[in-house]
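So you can see what is in the structure, the chains are spelled out below.
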Amino acid sequence: MILDIGFETMPREDLEAIILRRLKATIERVYANVPFYRRKLEENSITPKDIQSLEDLKRIPFTTKEDLRDNYPYGMFAVPMDNVVRIHASSGTTGQPTVVGYTARDVNTWAELMARSLAAGGATREDIIHNAYGYGLFTGGLGVHYGAEKLGASVIPVSGGNTKRQIVIMKDFGPTILTATPSYALHLAEVADEMGVSFKDLKFKFGIFGAEPWSENMREDIEKKLNLTAVDIYGLSEVIGPGVAIECYEAKKGLHIFEDHFIPEIIDPDTEEVLDYGETGELVFTSITKEAFPVIRYRTRDITSLNPEPCICGRTHIRMNRVSGRTDDMLIIRGVNVFPSQIESVLMEMDDVEPHYQLLVEREGKLDTLTVMVEVGEQTFSDEVKHLQDLERKISKNIKDYLGVSAKVKLVEPKGIARREGKAVRVIDNREI
Ligand SMILES: [Zn+2]
């Protein structure tokens, strides 16, 4: 179902006129209210008046995750704090999170975009949505929640974890739409199986999955095991959260980007040159309706390409292909963003460990597992087993406390981690998705 026929199927020419008008207003607003953007524009001798066409966007410098970090926590906000009604955060490369804010109008915009997304993924107001995305600073849970209510569907705010109870709820409450990370969806299938519950006896019709990379093979697996139609959703908190782009269930071939709110570009990550439709590169977003936390040419680090071909669903908004990777070393483990440098800073806070470590990422059954292998000194290693186990537990607890991700910790003997010339191999990712 197309929720907002007016905007979602608008002829390109009319849509582009709206995009330009909103872009101009956004540039004026950030120039007036965000010192960071004003400085960037001034350094490049640009004033808001210079932005007269969508082409002119290319003249404006990019914004990076580092820029957001340098302005931690509220330096990028374009409104006074008394206009901010919600704050979310996501992890950053150094353990310092990226903080994003929303005005009441932003929360409403986000809810509308998520309502559109849920509708594109098969939901209607008659549906019951089992929302297994985490609630909290992470935007997944609350993003779906507000969108579901805006759509008029019933939402079960079950959040992540406590999987057996989730299966009971699925049996008893009869949800018809599942929202979760794709890996958690498969885990739900396994646990249901162990409990003797078949998805064929449940009422699910559609599943809307995202927040981590997945593949067409995984889609087939999910559709078979969960007995539903699976669609891909995309978003990131810096841009608004989930609801930036969504696949339509009619085509399931690329995700429509809500262009009346976000302008996408694909760039060569090295030369920063803007690439043509169909070419693969780094995805860049400019928000054109957000009030509290507008982003101008924000480099997402996600690798994909854009497809301007008309879609069978009738939407006129451009499609992005599945995200195929990252330009940085960020790992996504069960929906949580983890940078090796964050693990490193946790390890370096501890006395008994050496600065040599390796992260092993695997898929055990259907769930991602992270094992942190870290060297200890001669003295520690020859210590009694109990002491070593205590240390492993302590490291694991610190990682969970600081990063919100569960990790197995394995202490290894001195020189137990292979040394390399040049860049150390910090991550061994054995997942096949
Ligand atoms: Zn479509």
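Above: the structure in question.
Residues numbered from 1 in each chain as written. Predicted model: local features only at pLDDT ≥ 70, side-chain atom pairs only at ≥ 80, totals over all residues. Heavy atoms only, no water.

A.B. asks: Got a minute to help me understand the overall build of the protein chain in this structure?
C.D. replies: Helix and strand content of the protein chain: 12 helices and 21 strands. Computed over C-alpha atoms, the radius of gyration of the protein chain comes to 23 Å, within 12% of the 22 Å expected from 2.2 N^0.38 for 433 residues, which places it in the range of a compact globule. Seen through its C-alpha atoms, the protein chain measures out along the principal axes to roughly 70 × 60 × 45 Å. The burial tally for the protein chain puts 55% of its 433 residues in the buried class. Restricting the contact set of the protein chain to residue pairs at least 6 apart, pairs at least 24 apart contribute 66%. With an accessible surface of roughly 19200 Å², the protein chain has 48% of that area assigned to carbon and sulfur atoms. Treating the 53 positive side-chain charges of the protein chain as one cloud and the 68 negative ones as another, the clouds have centres 3 Å apart. (Helix = DSSP H or I, 4+ residues; strand = E, 2+ residues; numbered from the N terminus. Rg over C-alpha atoms; globule rule 2.2 N^0.38 Å. Buried < 20%, exposed > 50% of the residue type's maximum accessible area, 1.4 Å probe, protein only. Contact = heavy atoms within 4.5 Å. Areas by Shrake-Rupley, 256 points an atom, 1.4 Å probe, with all protein chains shown as cover. Lys, Arg positive; Asp, Glu negative; His and termini not counted. Charge placed at Lys NZ, Arg CZ, Asp CG, Glu CD.)

A.B. asks: What am I meant to see in the pattern of salt bridges here?
C.D. replies: Between side chains of opposite charge, a pair can form as their charged atoms come close. Using the criterion set out here, one finds 28 salt bridges in the structure. Where E272 meets R299, a salt bridge forms, and the shortest distance between an N and an O atom there is 2.8 Å. Here the residue E272 occupies a position in the loop between β10 (262-267) and β11 (281-287), and R299 occupies one in strand β12 (residues 298-304), the gap between them amounting to 27 residues. Judged by relative accessible area, which is 38%, E272 ranks as partly exposed. (Salt bridge = Lys/Arg side-chain N within 4 Å of Asp/Glu carboxyl O.)

A.B. asks: How should the pairing of strand β3 (residues 128-131) be read in this particular structure?
C.D. replies: Every regular strand shows the same layout, with side chains that alternate between the two sheet faces. By the bridge criterion, three bridges tie β3 to strand β4 (residues 154-156) in an arrangement that is parallel. The partner of H130 across the bridge, within β4, is I156. Handedness of the β3-helix α6 (residues 139-151)-β4 crossover: right-handed. (Pairing = 2+ DSSP bridges. Right-handed = clockwise from strand over helix to strand, strands pointing away.)

A.B. asks: How should the nonpolar core be read in this particular structure?
C.D. replies: What tends to happen in soluble globular proteins is that the nonpolar side chains get buried as a cluster. The biggest cluster of nonpolar side chains holds 72 residues, and the ones touching the most others in it are L118, Y234, F262 and M320. Not counting residues within four places of it along the chain, the set of residues in contact with M320 comprises Y234, A245, G254, L255, I257, L283, T304, S305 and L306. M170, L178, Y184 and F204 belong to the second-largest nonpolar core, a separate cluster that totals 26 residues. (Core = buried A, V, L, I, M, F, W, Y, C linked by side-chain atoms within 4.5 Å.)

A.B. asks: Would you explain the side chain of T371 in this entry?
C.D. replies: Tracing the chain through its elements places T371 in strand β19 (residues 367-376). Its relative accessible area of 8% is what places T371 among the buried residues. With residues near it in sequence (within four places) discarded, T371 still touches Q358, L359, L360, K408 and K410.

A.B. asks: Hey, could you run me through the packing of aromatic side chains in this one?
C.D. replies: When we look at a pair of aromatic rings, we describe it by the centre distance and by the angle of the planes. Applying the stated criterion to the full structure yields nine aromatic pairs. With a centroid separation of 4.9 Å and an interplanar angle of 10°, the aromatic rings of Y102 and W110 are classed as stacked. For Y102, a relative accessible area of 2% corresponds to the buried category. Here the aromatic rings of F262 and F285 are separated by 6.4 Å at their centres, their planes lie at 75°, and the arrangement is edge-to-face. You can see F262 sitting in strand β10 and its partner F285 sitting in strand β11, a full 23 residues away along the chain. The pair F262 / F285 is uniform in exposure class, with both members buried. Here the aromatic residues Y74, F77 and F293 are joined through ring pairs into a cluster of three or more. The ring of F62 carries the charged tip of R299 above its face, separated from the ring centre by 5.8 Å. Positioned over the ring face of W214 is R322, at 4.6 Å from the centre of the ring. (Phe/Tyr/Trp six-rings, centres within 6.5 Å; stacked < 30°, edge-to-face > 60°. Lys NZ or Arg CZ within 6 Å of the ring centre and 35° of its normal.)

A.B. asks: Would you mind showing me how to read the packing of helix α5 (residues 104-120) against α6 here?
C.D. replies: Axis angle and axis distance: for two packed helices, these are the angle between their axes and the distance between the axes, and together they describe the pair. It is the contact of α5 with α6, at a shortest axis distance of 7 Å, that shows an interaxial angle of 80°. Taken together, the axes of α5 and α6 are roughly perpendicular relative to one another. Contacts between α5 and α6 involve V107, N108, W110, A111, E112, M114, A115, L118 and A119 from the first element and T139, G143, V144, Y146, G147, A148, K150 and L151 from the second. Here the residues of the contact of α5 with α6 are counted per class, giving 11 nonpolar, four polar and two charged. (Axes fitted to C-alpha atoms, helices over the stretch in contact; angles between N-to-C directions. Parallel < 35°, antiparallel > 145°, perpendicular 65-115°, else oblique. Nonpolar A, V, L, I, M, F, W, Y, C, P; charged D, E, K, R; others polar.)

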